[in-house]
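Residues per chain, in single letters:
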Amino acid sequence: MGRRKTQKIVKAGPKNATTGMCPECKTIGRIFIVGQVGQERAKCPACNKVFDL
């Protein structure tokens, strides 16, 4: 009998993404966090606007 080769399921997205709602376009979904630590801002990929968290 041969060795069974299975792949580990990797479920890792971008580390700077979170789920939330954009206050500009009211879209619920992924929001990217940009900026330095302590001065983070969020960017909505739907309307492409940057806003404060």
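Rules behind the numbers
Residues numbered from 1 in each chain as written. Predicted model: local features only at pLDDT ≥ 70, side-chain atom pairs only at ≥ 80, totals over all residues. Heavy atoms only, no water. Helix = DSSP H or I, 4+ residues; strand = E, 2+ residues; numbered from the N terminus. Buried < 20%, exposed > 50% of the residue type's maximum accessible area, 1.4 Å probe, protein only. Pairing = 2+ DSSP bridges. Axes fitted to C-alpha atoms, helices over the stretch in contact; angles between N-to-C directions. Salt bridge = Lys/Arg side-chain N within 4 Å of Asp/Glu carboxyl O.

Participant: Where do I start with the environment of Val10 in this structure?
Facilitator: By secondary structure assignment, the location of Val10 is in the segment before strand E1 (17–21). In this structure Val10 comes out as exposed when scored by relative accessible area, which is 71%. In this structure the C-alpha to C-alpha distance between Val10 and Arg41, which are 31 residues apart in sequence, comes to 28 Å.

Participant: For this particular structure, what's the right way to read the sheet that holds strand E2 (residues 28–34)?
Facilitator: The strands that make up a sheet pair up through hydrogen bonds in the backbone, lying either parallel or antiparallel. Strands sit in the order E1-E2-E3-E4 across an open sheet of four strands; the sheet is antiparallel. Each edge of the sheet is formed by a strand with only one pairing partner; in this case those strands are E1 and strand E4 (50–52). Across the sheet, the axes of successive neighbouring strands diverge by a mean angle of 45°, strand direction being ignored. When strand E3 (residues 41–43) meets E4, the two strands line up antiparallel, connected through three bridges. The residue of E4 that forms the bridge with Lys43 is Val50.

Participant: I'm lost on the pattern of salt bridges in this one. Help?
Facilitator: Pairing is possible between side chains of opposite charge, provided their charged atoms come close. A complete count under the given rule lists one salt bridge for this structure. We note a salt bridge from Asp52 to Arg41, for which the minimum N-O separation is 2.6 Å. Of this pair, Asp52 sits in strand E4 while Arg41 sits in strand E3; the two residues are eleven residues apart in sequence, bridging distant segments of the chain. Owing to a relative accessible area of 32%, Arg41 belongs among the partly exposed residues under this scheme.

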